[in-house]
Structures are given as C-alpha cells and as structure tokens.
Amino acid sequence: VGSEMCIRDRLASLTTPAFVYDPRIMQAEAEIARRAISRDDAKTHLFLAMKSYTIRDGLERLVPELDGLHASSLFEARLARELLGPSGKIHLTTPCLREDEVDELVELCDHVSFNSITQWQRFRDRASPALSPGLRINPRLSLLADERYDPSRRHSKLGAAIDDVEQLLKKSPAELDGIRGVLVHTNCDATDFKPLLATVKEVSDSLGDWLSTLDWINLGGGYLFDDARHPGALHKAIDLLASKHGVELFFEPGASLVRRACVLVSRVVDVFDSAGRQVAVLDTSVNHIPEVFEYQYLHPVRATSKQHEHLYTLAGATCLAGDVFGDYRFDAPLEVGSFVIFDDVGSYSMVKASMFNGVNIPTVYRLAEELTQVKQFGMAEFLSRCGV
C-alpha cells in the first residue's frame, strides 16, 4: 500500500527534508490487522505500540481504527490519554518504572504489565482499584538471528523468565495474587506466524493452569500483518488461548501499521567523485531515520533498481563519517536539486530523529486529498535541546 503514496506532482511545495505521511494508509493497515486477528469465538483487541510512531496529527486519525494504545513511558501514556479521552484503553509496560512516576502511571493506564517479578513486588500495592495488573513473561524462545532485536536474548532485560514464574507458582503462588494478565512479545518484523504459535504453545504448556485464572493475554507486536505467511498459525494461536484459557487477547503492532504510510523526501545538495564513486550529499541525515545507522536497515528509494546504471552513494548532511544511507542505482543521473524519496520510514524514524550537528528535523506533512504542513521545526527546538 505504501507505493500508492503519490507525491511527485507536489514536490515543489515541500520544505525538505520532509516527513510525509498518509493517514489513509495507516487506516488501511489497521483494517488488515483487525481482519487478521478477528475470530468468531475470541475477543481480540488491536492497539498501536506508540514507540514506533507518535505524531499526534497522525494518531488522531488512526485512533478511531484501534481499541487502544500501548505506551512505554509516562510521556507516551499522557499523550495516549489525551488522544483517547477518559474511556480509551491504555496498556503500559516498561523496564524503567520510576518511583516518582508510578502513581501517575497507574492512574493513567488501564493495564500495566510489570516487567519483572521484583518490579511487581515493589509496586503492586500502588496499583489503583481500576487497574488490571499484568506480568511480562520471557518464554526464552529466541526467534531472531540478530540479538539486537531479540526480546528473548540471553540475559534479557525484558520480562520475567518463564521458568522463574513456574517455580514461583509452585513454591509461593500467593506472590502473584492480583496479576490479571500476561504480556508475551518475542519477535520483530516477522512475516510468518508459525513462531507466534510456537510461543503460545510454550506459554500454554508451561503456565496453563495459571493462565486459565487470568483475564487477558497480550501477544505484543513484531508481526507484519499485510505481508504475513501462514495465517492459519495465527488463528490456531488465538483459538488455543481463547478456548483453552478463556482469556481476552491483545495485539499491539507498531511497524505493521505505520511503516508503509510514510516517506522521507530530501534534496541533493552536492554531487562529486570520491575514489571513482559518485557521492550524492542529501539535506537529510541518518539521524532522521536512525535504524539505518543502528541496524544497517536499507530503506527502498524511489526510481532505483539493481539494474539501473547510475550508481551513487547517498550521504547525509552531517559531518559524521558514518552518515551514509547506502549505495543505490537510479534510473537517471542525480544533480543538485534532485529529489530523493525514501519509502517505508513511518516506524522508528521521527520518534528517534535528532538534531545532531544542528541539522533540522524534517518538516512534517500530511498527505490526504491535499498536502498539509503539520509541523515545521526550527531554532527554538534546537535551543530547547541545548538546555535553553
């Protein structure tokens, strides 16, 4: 669906770099996810993981398609409550639950999945009567080759180890009195639901009797619903938990709902030869889509193909030597003023973007029937980050 974002005829009106999102694509992705998780005999809920996307204007248009929002910090929870109003549902989990924030968080949120047994023991008496407390479980199933993405990596900080929970239920079950649900998140950018089914079976086999005393299970995110294979595995996982344990189910995708809805538009500001390679310097930076630098993620670029003859190294605007997007082949030569458009930048881009080197953050636009500027950053934001 991301390829349907047509902005070529509106490029001249953009202040670059520009972050352009189409709320219609986000709404369509939410509908795809909702259809995927809907089952006649199960009560399922669709949330957005806010860690992937927090542009308020976009969220306001996406929220009506959701059952709630997932937050991981006080600021995200405050924004979620502003967007949802008093009746909207907020789920929160964080490894950093602060003493000076917990009272506000348990009032703001409907569900809090405590990240560890010790976190639960420390703060369980602070829960408000309306709160439905949960516990994040680490089933110790490593499904990812790159441990930087792996919530179940060795020595993981994310969740209580499943064998520790088993032992606690055997020796001191009263320690988990008050827990009404569990959160299990084990994957990232997965296009196959078989690992989810394996995760559900592991948790059900290990904690089955206890799960049947709970109200809900949050299966997290990490799955790309529009690209996913083996949807039958997803349905089996849902049916198993709903029929065997009688729980409500929460899904909280991030990238799956927003990644394809956004592009980053930049202009070429210089082109030169460097040891036989043409380098095109852009007015944007990998600091605007940090996963390029952090995880060597290569975003698709418009008008490029492995077969095209015009090869360029796309470099960012800062003096960081590693501010490089990668090598791309274009269908036509680049020159100063040429537009370069990165696709699929909706997730983990603006939420992480920095003003490193004093380079401005991209101007935000909404593309629907019209192209509308939502937010332009400037010196005030830079000075604020400088402590002014």
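The numbers attached to residues start from 1 for each chain and follow its sequence in the written order. In view of the model being predicted, local features appear only for residues whose pLDDT reaches at least 70, and side-chain atom pairs are presented and counted only at 80 or more, with totals across whole chains, interfaces and linings using the full set of residues. By convention in this description, side-chain values take in all heavy atoms of the structure and omit both hydrogens and water.

Colleague: Where do I start with the overall build of the chain in this structure?
Modeller: Summing up its helical and strand segments, the chain has 11 helices and 17 strands in all. The C-alpha atoms of the chain give a radius of gyration of 22 Å, which matches the 21 Å a tight globule of 388 residues would have. With the principal axes as the frame, the chain shows a C-alpha extent of 70 × 50 × 40 Å. Sequence separation of 24 or more characterises 68% of the internal contacts of the chain that already satisfy a separation of 6 or more. The Shrake-Rupley method, run with a 1.4 Å probe, gives the accessible areas here. Residue values count only the displayed protein chains as cover. In the structure as shown, the chain presents an accessible area of about 17300 Å², 49% of it carried by carbon and sulfur atoms. In the chain, 42 positive and 55 negative side-chain charges are present, and the distance between their average locations comes to 2 Å. Helix and strand definitions follow DSSP, with helices as H or I runs of at least four residues and strands as E runs of at least two, each counted in order from the N terminus. The size measure is the radius of gyration over C-alpha atoms, and the globule rule it meets is 2.2 Å times the number of residues to the 0.38 power. Residue contacts are counted whenever heavy atoms from the two residues lie within 4.5 Å of one another. Neither His nor the chain termini are counted; the positive set is Lys and Arg, and the negative set is Asp and Glu. Where a charge lies is defined by one atom per residue type, namely NZ (Lys), CZ (Arg), CG (Asp) and CD (Glu).

Colleague: Any chance you could explain empty space enclosed by the protein here in plain terms?
Modeller: One way to see where empty space is left: roll a probe the size of a water molecule over the atoms. Each cavity reported here is a set of points on a 1 Å grid over the protein atoms alone in which a 1.4 Å probe fits but cannot get out, each pocket an open set with protein on both sides within 12 Å along at least five of seven lines, and each lining residue one with an atom within 4 Å of a point. Grid points are joined across faces, edges and corners, and a volume is the space filled by probe spheres set on the points. Inspection of the entire model under this criterion finds one cavity of 30 Å³ or more. A volume near 40 Å³ is recorded for the largest cavity. Along its surface, the largest cavity is lined by Phe193, Leu196, Leu219, Gly220, Gly221, Gly222, Tyr223, Phe225 and Phe251. In terms of residue class, the lining of the largest cavity is made up of six nonpolar, three polar and no charged. Any residue outside Ala, Val, Leu, Ile, Met, Phe, Trp, Tyr, Cys, Pro, Asp, Glu, Lys and Arg is labelled polar, Gly included; the first ten of those are nonpolar and the last four are charged.

Colleague: In this structure, what is going on with the pairing of strand β13 (residues 310–315)? I would like to understand it.
Modeller: For a regular strand, the rule is simple: side chains alternate between the two faces of the sheet. Each pair of strands is called paired provided DSSP finds at least two bridges between the two strands. When strand β12 (residues 277–282) meets β13, the two strands line up parallel, connected through three bridges. Bridge pairing in β13 links Val281 to Ala315. Alignment of β13 against strand β14 (residues 324–330), held across six bridges, turns out to be antiparallel. Across the sheet, Thr313 pairs through a bridge with Asp327, a residue of β14.

Colleague: Sorry if this is basic, but what is going on with the packing of helix α6 (residues 162–171) against helix α7 (residues 194–211) here?
Modeller: When two helices pack together, their arrangement is given by the angle between their axes and by how far apart the axes lie. For helices, the axis comes from a line fit to the C-alpha atoms of the stretch in contact; other axes are also lines fit to C-alpha atoms, and the angle between any two N-to-C directions lies between 0 and 180 degrees. Running from N to C, α6 and α7 point in directions that differ by 20°, and their axes come no closer than 10 Å. When the interaxial angle is binned, α6 and α7 end up roughly parallel. Judged by the twist between their axes, the crossing of α6 over α7 is left-handed. Across the interface between the two elements, Ile162, Val165, Glu166 and Leu169 from α6 touch Glu202, Val203, Ser206, Leu207 and Trp210 from α7. In the contact of α6 with α7, the residues fall into six nonpolar, one polar and two charged. Put simply, angles under 35 degrees are roughly parallel, angles over 145 are roughly antiparallel, angles from 65 to 115 are roughly perpendicular, and the rest are oblique. Crossing handedness is read from the near helix: turned anticlockwise from the far helix by less than a right angle, it gives a left-handed crossing, and turned clockwise, a right-handed one.

Colleague: Looking at this structure, how should I read the side chain of Asp192?
Modeller: Within the secondary structure, Asp192 sits in the loop between β8 (181–183) and α7. Throughout, exposure labels follow a simple rule: accessible area from a 1.4 Å probe, protein chains only, divided by the maximum for the residue type, with under 20% read as buried, over 50% as exposed, and the rest as partly exposed. Judged by its relative accessible area of 16%, Asp192 is buried. Looking at Asp192, its side chain comes within polar contact range of the main-chain nitrogen of Lys194, at 2.8 Å. A polar contact is formed between the side chain of Asp192 and the side chain of His230, at a distance of 3.0 Å. Polar contacts here mean pairs of N or O atoms no more than 3.5 Å apart (in protein, one a potential hydrogen donor and the other a potential acceptor; neighbouring residues in sequence count only if both atoms are side-chain atoms).

Colleague: Help me out: how do you make sense of the layout of surface pockets in this one?
Modeller: A volume near 1000 Å³ is recorded for the largest pocket. If you go around the largest pocket, you meet 41 residues; those closest to its centre are Lys51, Tyr149, Leu158, His185 and Tyr348. Elements with a minimum of two residues in the lining of the largest pocket: α9 (255–258) and α10 (291–295). Taken together, the residues of the lining of the largest pocket sort by class into 15 nonpolar, 13 polar and 13 charged. Within this model, the second largest pocket holds a volume of roughly 360 Å³. In terms of lining, the second largest pocket is formed by 13 residues, of which the most central are Thr54, Met350, Ile361, Phe377 and Arg385.

Colleague: What's the story with the pattern of salt bridges in this structure? I'm lost.
Modeller: Between side chains of opposite charge, a pair can form as their charged atoms come close. One speaks of a salt bridge when a side-chain nitrogen belonging to Lys or Arg is within 4 Å of a carboxyl oxygen belonging to Asp or Glu. Per the counting criterion, the structure on display carries 29 salt bridges. In this structure, Arg122 engages Glu99 in a salt bridge whose closest nitrogen and oxygen atoms are separated by 3.3 Å. Placement of Arg122 in helix α5 (residues 117–123) and of Glu99 in the loop between β4 (89–92) and α4 (102–108) is noted, with a sequence separation of 23 residues between them. Close ionic contact of Glu175 with Arg124 constitutes a salt bridge, the shortest N to O distance being 3.4 Å. Taken together, the positions of Glu175 in the loop between α6 and β8 and Arg124 in the loop between α5 and β6 (132–138) put the pair 51 residues apart, joining distant regions of the chain. Judged by its relative accessible area of 25%, Glu175 falls in the partly exposed class. One continuous salt-bridge network, built from bridges that share partners, spans Glu99, Asp103, Arg122 and Arg126.

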